[in-house]
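# A structural walkthrough
Now for the letters of each chain:
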Amino acid sequence: EEDSASADKPRILLMGLRRSGKSSIQKVVFHKMSPNETLFLESTNKIYKDDISGSSFINFQIWDFPGQVDFFDPTFDSEMIFKGAGALIFVIDAQDDYMEALVRLHLTVCRAHKVNPDINFEVFIHKVDGLSDDHKIEAQRDIHQRANDDLADAGLERVHLSFYLTSIYDHSIFEAFSKVVQKLIPQLPTLENLLNIFISHSGIEKAFLFDVLSKIYVATDSSPVDMQSYELCCDMIDVVIDVSSIYGLVEDGAGGCAYDKESVAIIKLNNSTVLYLKEVTRFLALVCILREESFERKGLIEYNFHCFRKAIHEVFEVGGSTDGRGGAGRSA
Ligand code: GDP
């Protein structure tokens, strides 16, 4: 049974066959496990609710299902499971024969859509680190085609599936998760607008609003995202959190938090680029990339940042839900 506090949280379900990589994804993205350690994970054999909302902006749960969920088992309560879910991520092991996975995907989508037509279907074509570029494209094309053909045969051609190529050995899993999460944030257009305004007035090239715990970016400005910039910003967060937790001052009662109101970092790179990180909320940080010349007007950037931070706080405080996170957009 569920407590009332978690009942209205946007939920992400993580499903897929046994050994497809579900637990690994969850451990790497939300619990800082290094990819190599996942080799020793025990396979999932029960529904696992991982409630991270106490330490992350992202207010959801991951339900890690065993591969062999039987929809026709009377004890499987699909109403309860799919009803409150915002997104269903289905993980397919691309290094394995995926025909069985496609059958499960189809069954899962049909069942979930019937219970909850608003659910977003997100297919992670996973473990692509073992595949050549050609092979990756071909796997994606083939899986896309077969999954959509199956839906069309069932009269469900209007159900939309999104596909992502992912691996826990690079940043693709974080990038994919970012896109999945962004679709569940009702305030996203406002956040993007605020980022656009902030960077255009500050001479900044690229800015990401990060969930610090998971390194998922909740929003970015509307210039295109290149993986290298995203990776650079992820590394910046790791450096700041690692150094702070090893050498940082631990205040009494602060619980040894490596990230707080004072968190700020500036790293000058050898190609006359500057990385700039600053606290926005308890869970969110802004990480920007800018030219060294632009950084000379640091006072202007700081002033603009101050306005940006204030606006973000306003965005998440309106709406009447307890803490303005998740679901806030639904209350008038
Ligand atoms: P689950 O049963 O779906 O929870 O699967 P696990 O998380 O236990 O993963 C099964 C195996 O796949 C483990 O040995 C992981 O190390 C491996 N694995 C998970 N993700 C990846 C990936 O992105 N690439 C590769 N090469 N292996 C992965």
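This text follows the structure it describes.
This write-up is about the structure you can find in this document. (Residues numbered from 1 in each chain as written. Predicted model: local features only at pLDDT ≥ 70, side-chain atom pairs only at ≥ 80, totals over all residues. Heavy atoms only, no water.)

### Focus: the side chain of threonine 220
- If you trace the backbone, threonine 220 turns up in strand E8 (residues 216-220).
- Classification of threonine 220 by relative accessible area gives buried; the value is 8%.
- For threonine 220, the side chain forms a polar contact with the side chain of lysine 206, separated by 3.1 Å.
- What threonine 220 contacts, discounting residues up to four positions off in sequence, is Glu192, Leu195, Lys206, Ala207, Phe208 and Val225. (Helix = DSSP H or I, 4+ residues; strand = E, 2+ residues; numbered from the N terminus. Buried < 20%, exposed > 50% of the residue type's maximum accessible area, 1.4 Å probe, protein only. Polar contact = N/O pair within 3.5 Å; in protein donor to acceptor, adjacent residues only side chain to side chain. Contact = heavy atoms within 4.5 Å.)

### Topic: the pairing of strand E6 (residues 161-166)
- Across the six residues that make up E6, a large majority, five, are buried.
- As paired strands, strand E5 (residues 120-126) and E6 are joined by six bridges and run parallel to one another. Bridge pairing in E6 links histidine 126 to threonine 166.
- The parallel pair E5 and E6, bridged by helix H5 (residues 133-153), forms a crossover whose chirality is right-handed. (Pairing = 2+ DSSP bridges. Right-handed = clockwise from strand over helix to strand, strands pointing away.)

### Structural notes on the sheet that holds strand E10 (residues 273-279)
- Pairing within the open sheet is antiparallel, and its five strands lie in the order E8-E7-E11-E10-E9. The open sheet terminates on both sides in strands that have one partner only, identified here as E8 and strand E9 (264-268). Here the average twist between neighbouring strands, direction ignored, is 20 degrees.
- Alignment of E9 against E10, held across five bridges, turns out to be antiparallel. When the sheet's bridge partners are listed, valine 264 is paired in E10 with lysine 278. (Axes fitted to C-alpha atoms, helices over the stretch in contact; angles between N-to-C directions.)

### Notes on the pairing of E10
- For E10, the buried fraction is high: seven of the seven residues fall into the buried class.
- Here E10 shows no split at all, with Thr273, Leu275, Leu277 and Glu279 on one side and Val274, Tyr276 and Lys278 on the other all buried.
- Turn length for the E9-E10 hairpin, with the two strands adjacent in sequence and antiparallel, is four residues, and the turn residue serine 272 shows positive phi of about 50 degrees.
- Bridging between E10 and strand E11 (residues 284-291) involves seven bridges; their strand directions are antiparallel.

### Details of helix H6 (residues 172-182)
- Counting buried positions along H6 yields ten of eleven residues, so the element is predominantly enclosed.
- Taken residue by residue, H6 has Ser172, Ile173, Phe174, Glu175, Ala176, Phe177, Ser178, Val180, Val181 and Gln182 as its buried positions.

### Section: the environment of glutamine 228
- For glutamine 228, the position within the fold is in helix H8 (residues 227-247).
- Residues glutamine 228 and leucine 286 lie 58 residues apart in sequence; the distance between their C-alpha atoms is 17 Å.

### Section: a nonpolar patch on the surface
- The grouping of Val239, Val243, Ile246 and Tyr247 at the surface amounts to a nonpolar patch, some 440 Å² of accessible area in total.
- Considering the arrangement of structural elements, one finds tyrosine 247 in helix H8. (Patch = residues over 30% accessible without salt bridge, like charges linked within 9 Å, V, L, I, M, F, W, Y side chains within 5 Å. Areas by Shrake-Rupley, 256 points an atom, 1.4 Å probe, with all protein chains shown as cover. Salt bridge = Lys/Arg side-chain N within 4 Å of Asp/Glu carboxyl O.)

### Let's talk about the site of the ligand
- Close contacts around the ligand come from 19 residues, with Lys22, Ser23, Ser24, Thr38 and Asp129 the closest.
- The contact in question runs from an oxygen atom of the ligand to an N or O atom on the backbone of glycine 21, over 3.0 Å.
- In this structure, an oxygen atom belonging to the ligand sits 2.8 Å away from a side-chain N or O atom of threonine 38.
- In terms of residues, the shell around the ligand owes the most to one element, helix H2 (residues 22-30), which gives three residues. (Near = heavy atom within 4 Å.)

### A closer look at the nonpolar core
- In terms of nonpolar packing, the biggest core is built from 71 residues, with Phe124, Phe177, Leu191, Phe198, Phe210, Leu286 and Phe308 touching the most fellow members.
- Formed by 33 residues, the second largest nonpolar core is a distinct cluster that contains Phe82, Leu105, Val115 and Val123. (Core = buried A, V, L, I, M, F, W, Y, C linked by side-chain atoms within 4.5 Å.)

### Examining the pattern of salt bridges
- Taken as a whole and judged by the stated rule, the model has ten salt bridges.
- Between aspartate 133 and lysine 136 there is a salt bridge; the shortest N-O distance is 3.6 Å. A residue pair is termed a helical-turn pair when its members lie 3 or 4 positions apart in one helix, as aspartate 133 and lysine 136 do in helix H5 at three residues.
- Look at aspartate 133 and you get exposed, because its relative accessible area is 55%.
- The exposure class of lysine 136 is partly exposed, given its relative accessible area of 22%.
- When the shortest N-O distance is used, the salt bridge between lysine 179 and glutamate 175 registers 2.9 Å. On the criterion of helical spacing, the pair formed by lysine 179 and glutamate 175 is a turn pair, its members being four residues apart in helix H6.

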